[in-house]
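Residue-level structural notes
Now for the letters of each chain:
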Amino acid sequence: MSYLSIEFSVLFLIFFCLYWSCRKLPVLQNYLLLIASYGIVASFNYTFALILAGYSIVIFSLSFLLDKSKYRRFWFTISIMAAMGNLAVFKYFDFFTNALQVIINNLGLSFLIPSTEIIMPIGISFYTFHSISYIVSIKRKEIERADFISFMLFLSFFPSIVAGPINRARDFLPQIQIKISRELLEPYRAFTLILFAIVKVYWLSSAIADTWVNPVFANPAEYSSLDLIFALYAYAIQLYLNFSGYTDLVTAIALLLGFKLPINFNLPYLASNLRNFWQRWHISLSSWIRDYVYIPLGGSRSGFFRTQINLLIAMLLSGLWHGASLNFLIWGGVHGIGMVLLNIGDKYFGRNCLADRFLFLAKLITFHYVCFAWIFFRSSSFSESLEYLSAIINNFSHIPLHFNSLFYMFLLLLGYYLYPLATNLQVNIVKCMHKVHWSLLPVIFILTLWLVISFAPSGIPNFIYAGF
């Protein structure tokens, strides 16, 4: 069920009234949230809800043993293996069996691995990472062991289970285990975020995808180099609008239920280098990879060379987390190599030497490097990525332009100069809303919704990150 559908809106309004009618009973609210969360998961496929419940029981039992046993290291290892094993089976089984079959064929053996169709449950990447943060927090004694209902709700909390952001146990469980009455948080900000989400996802992202990105990526050989380059820029914008719009929406839903989710974006395309980019893009994932992969591997504690190896491994795993394909692995590798080159530059020329001297040039290079990597992220196969790259290199002169490139260049430049203004846009709109009488807010909301739907492409837009 899409969070932008009419069905979800109606059901959420009913749930909202029921939920806040139990305001003085946060435990009862938790039961309602748990039922709603499993209902959302089951709406995609009821077996996904059964898998989530089974996974929650297994990880909760293992975390109990981890907390109570004197063999903590052993149970910690078993718990992590169980979490990663679940992810490996449902998300990476086909990828690794196909790779193994290729190796077997190349060795000249006639053995065929039996084919098995495994459907990846919705949200598995996100609730697996939630559970690992819980296991690690129990191991480090950062938190007390949660009761079963709180743990199940932590893994299944419906605003963030479909496409994040990634919650940490030490930050989110206290919000579930609250003893006093919950409060509806920052309603004006929540209202603003919902409007942002509708405009970003329903209108801008979908319009850019339908009219610009999808036709070019479907047949790159038919487009000129300039068309292809601008379509790549457009995809970078589409992906950002789609994902940050989704984050705005679920953050607003969480606020309306009395919860706060972590910040996931901070104007990523204004980054001055790749390190800075990952401090601004999908922040909950990049900080998770840093804290639970890069630092446990040794981080920067074992010398410059080993630091770069750890960095490469972390970025490759970050790529593989997005999907079980060679393209995501290459996408992670491209970012990893870029970060290593950045570190080498810092070592020999001084930290941030380019950004300190030529900030605009540093931002321009970073944006184009990120866009280059998006080719592998957007293409469905490695051969399609090569086809797109080949078309960019070879289609400069003999294929006419399909789009008015000067117009699109003007739009991009305009967007670049207006983009920094977005820093305070949300705050300023919230301030304006405080000056509007509350009775007029529904009128503004409905009018905005009508305008967006009138100009948006038909159909309900997809959340790109829901596929991960």
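The sections below set out a description of the structure shown in this document.

Parameters and conventions
Along each chain, residue indices are assigned from 1 in the same order as the chain's sequence is written. Local features in a predicted model are, by the rule used here, given only for residues with pLDDT of at least 70; side-chain atom pairs are given and counted only at 80 or more, and totals for whole chains, interfaces and linings are based on all residues. Excluding hydrogens and water, the side-chain values take into account all heavy atoms of the structure. Runs of H or I in DSSP of at least four residues are treated as helices and runs of E of at least two as strands, each being numbered from the N terminus. For the radius of gyration, the atoms used are the C-alpha atoms, and the globule rule reads 2.2 Å times the number of residues raised to 0.38. Contacts are residue-level and defined by heavy atoms, with any inter-residue pair within 4.5 Å sufficient. Note on areas: Shrake-Rupley with a 1.4 Å probe; residue coverage comes only from the protein chains shown. Note that His is not counted, nor are the chain ends; the positive residues are Lys and Arg, and the negative ones are Asp and Glu. To locate a charge, the coordinates of NZ of Lys, CZ of Arg, CG of Asp or CD of Glu are taken. Axis definition: a line fit to C-alpha positions, over the contact stretch in the case of helices; interaxial angles, taken between N-to-C directions, run 0 to 180 degrees. Should an angle fall under 35 degrees it is called roughly parallel, over 145 degrees roughly antiparallel, and 65 to 115 degrees roughly perpendicular, with every other angle called oblique. Should the near helix be turned anticlockwise from the far one by less than a right angle, the crossing is termed left-handed; should it be turned clockwise, right-handed. Under the convention adopted here, Pro, Cys and the residues Ala, Val, Leu, Ile, Met, Phe, Trp and Tyr are nonpolar, Asp, Glu, Lys and Arg are charged, and Gly plus all remaining residues are polar. Burial status follows relative accessibility: with a 1.4 Å probe on protein chains alone, a residue under 20% of its type maximum counts as buried, one over 50% as exposed, and anything between as partly exposed. N or O atoms within 3.5 Å of each other form a polar contact, as long as, within protein, one can give a hydrogen and the other can take it, and as long as residues adjacent in sequence are counted only when both atoms are side-chain atoms. Residues enter a nonpolar core if they are buried and are Ala, Val, Leu, Ile, Met, Phe, Trp, Tyr or Cys, with the set joined through side-chain atoms within 4.5 Å. By definition here, a helix of n residues has an expected span of 1.5 Å times n minus one. Bend at a residue means the angle formed by two fitted axes: the first through the 7 residues ending at that position, the second through the 7 residues beginning there. The working definition used for a salt bridge is a side-chain nitrogen of Lys or Arg within 4 Å of a carboxyl oxygen of Asp or Glu. Pairing of aromatic rings covers Phe, Tyr and the six-membered ring of Trp, with a centre-to-centre limit of 6.5 Å; geometry is then stacked below 30 degrees between planes, edge-to-face above 60, and tilted otherwise. In our convention, an over-ring charge means Lys NZ or Arg CZ found within 6 Å of a ring centre and within 35 degrees of that ring's normal. Arc definition: it is the arc formed by the directions from the helix axis to the C-beta atoms.

Moving on: the overall build of the protein. Within the protein, the regular secondary structure consists of 20 helices and 0 strands. Here the protein has a C-alpha radius of gyration of 24 Å; the compact-globule value for 468 residues is 23 Å, and the two agree. Taking the principal axes of its C-alpha atoms as reference, the protein extends roughly 70 × 65 × 50 Å. Contacts spanning at least 24 positions in sequence make up 77% of the contacts within the protein whose residues lie at least 6 apart. For the protein, the exposed area adds up to about 22800 Å²; of that, 70% sits on carbon and sulfur atoms. Mean positive and mean negative side-chain charge positions of the protein (30 and 19 charges, respectively) differ by 14 Å.

One non-glycine residue, Glu 186, adopts positive backbone phi at about 40°. Inspection of the secondary structure assignment puts Glu 186 in the loop between helix 8 (169-176) and helix 9 (187-218). Its identity is not glycine, yet Asn 352 carries a phi of approximately 55°, on the positive side.

Moving on, we come to the packing of helix 2 (residues 26-44) against helix 6 (residues 148-156). Remark: helix 2 packs on helix 6, axes separated minimally by 9 Å, with the N-to-C direction vectors making an angle of 40°. The orientation of helix 2 relative to helix 6 falls into the category oblique. Seen from above, helix 2 lies across helix 6 with left-handed handedness. Note on element contacts: helix 6 touches helix 2 through Ile 149, Met 152, Leu 153 and Ser 156, opposite Asn 30, Tyr 31, Leu 33, Leu 34, Ser 37 and Tyr 38. Broken down by class, the residue content of the contact of helix 2 with helix 6 amounts to 7 nonpolar, 3 polar and no charged.

Attention shifts here to the environment of Val 136. Considering the arrangement of structural elements, one finds Val 136 in helix 5 (residues 124-139). Separated by 60 residues in the primary sequence, Val 136 and Phe 76 have C-alpha atoms spaced 7.9 Å apart. When sequence neighbours within four positions are dropped, the list of residues in contact with Val 136 reads Phe 76 and Tyr 292.

Checked against the element boundaries, Thr 366 lands in helix 16 (residues 359-378). Looking at Thr 366, the relative accessible area reads 7%, which means it is buried. Polar side-chain contacts of Thr 366 include one of 3.3 Å to the backbone nitrogen of Asn 273. Once residues within four sequence positions are removed from consideration, Thr 366 is found in contact with Ala 271, Ser 272, Asn 273 and Leu 274.

Right, let's talk about the packing of helix 10 (residues 225-256) against helix 17 (residues 382-394) for a bit. Running from N to C, helix 10 and helix 17 point in directions that differ by 130°, and their axes come no closer than 7 Å. Looking at the two axes, helix 10 sits oblique to helix 17. Between helix 10 and helix 17 lies a crossing whose hand is left-handed. Facing helix 10, whose interface residues are Ser 225, Leu 228, Ile 229, Ala 231 and Leu 232, helix 17 presents Tyr 388, Ala 391 and Ile 392.

A few words on the nonpolar core. Membership of the largest hydrophobic core comes to 128 residues, with the highest contact counts inside it found for Tyr 3, Phe 158, Tyr 269, Trp 281 and Trp 374. The dominant element in this core, judged by the number of residues it contributes, is helix 10, at 20 residues. Setting aside chain neighbours within four positions, we find Tyr 269 in contact with Ala 236, Ile 237, Tyr 240, Phe 277, Trp 281, Phe 367, Val 370, Trp 374 and Tyr 419.

Our focus in this paragraph is helix 4 (residues 72-106). Along an α-helix, a turn takes 3.6 residues, which lines up residues three or four apart on a common side. An ideal rise of 1.5 Å per residue puts 51 Å on 35 residues; helix 4 reaches only 43 Å between its terminal C-alpha atoms. Where helix 4 bends most, at Tyr 92, the angle is about 75°. Residues of helix 4 that are buried sit in contact with helix 3 (46-68), helix 5 and helix 13 (304-322). Gly 108, located one to two residues past helix 4, shows a positive phi value of around 80°.

A few words on the pattern of salt bridges. Counted according to the given criterion, the structure contains 10 salt bridges. For Arg 23, the salt bridge goes to Glu 183, with nearest N and O atoms at 2.6 Å. Placement of Arg 23 in the loop between helix 1 (6-21) and helix 2 and of Glu 183 in the loop between helix 8 and helix 9 is noted, with a sequence separation of 160 residues between them. Using a relative accessible area of 31% as the deciding quantity, one classes Arg 23 as partly exposed. For Glu 186, the salt bridge identified is with Lys 260, shortest N-O distance 3.7 Å. In this pair, Glu 186 sits in the loop between helix 8 and helix 9 while Lys 260 sits in the loop between helix 10 and helix 11 (274-278), placing the two residues 74 residues apart along the sequence. Judged by its relative accessible area of 46%, Lys 260 is partly exposed. Linked by salt bridges that have partners in common, Arg 140, Glu 142 and Arg 170 make up one network.

Moving on to the packing of aromatic side chains. Aromatic ring pairs are described here by two measures, namely the spacing of the ring centres and the angle between the planes. One pass over the full model with this rule turns up 43 aromatic pairs. For the pair Trp 374 and Phe 377, a centre-to-centre distance of 5.0 Å together with 70° between the ring planes defines the contact as edge-to-face. You can see Trp 374 and its partner Phe 377 sitting in helix 16, 3 residues apart, about one turn around the helix. Note on accessibility: Trp 374 and Phe 377 belong to one class, buried. Between Lys 139 and the ring centre of Phe 76, over which it is positioned, the NZ or CZ distance is 5.3 Å. One Lys or Arg, Lys 347, reaches over the ring of Phe 304 and ends 4.8 Å from the middle of that ring.

Another point: the side chain of Asp 248. Among the structural elements, Asp 248 can be located in helix 10. Discounting chain neighbours no more than four positions away, the residues touching Asp 248 are Leu 193, Phe 196, Ala 197 and Lys 200.

This next bit is on helix 1. Its 16 residues give helix 1 an end-to-end C-alpha distance of 23 Å, which sits within 8% of 22 Å, the value for a rise of 1.5 Å per residue. Residues of helix 1 that are buried: Phe 8, Phe 12, Phe 15, Tyr 19 and Trp 20. Around the axis of helix 1, the buried residues are gathered within 115° of arc, so they sit on the same side. Every exposed residue of helix 1 that faces more than 90 degrees away from the buried side is listed here: Ile 6, Leu 13, Ile 14, Cys 17 and Ser 21. On its buried face, helix 1 is in contact with helix 2, helix 7 (158-161) and helix 10.

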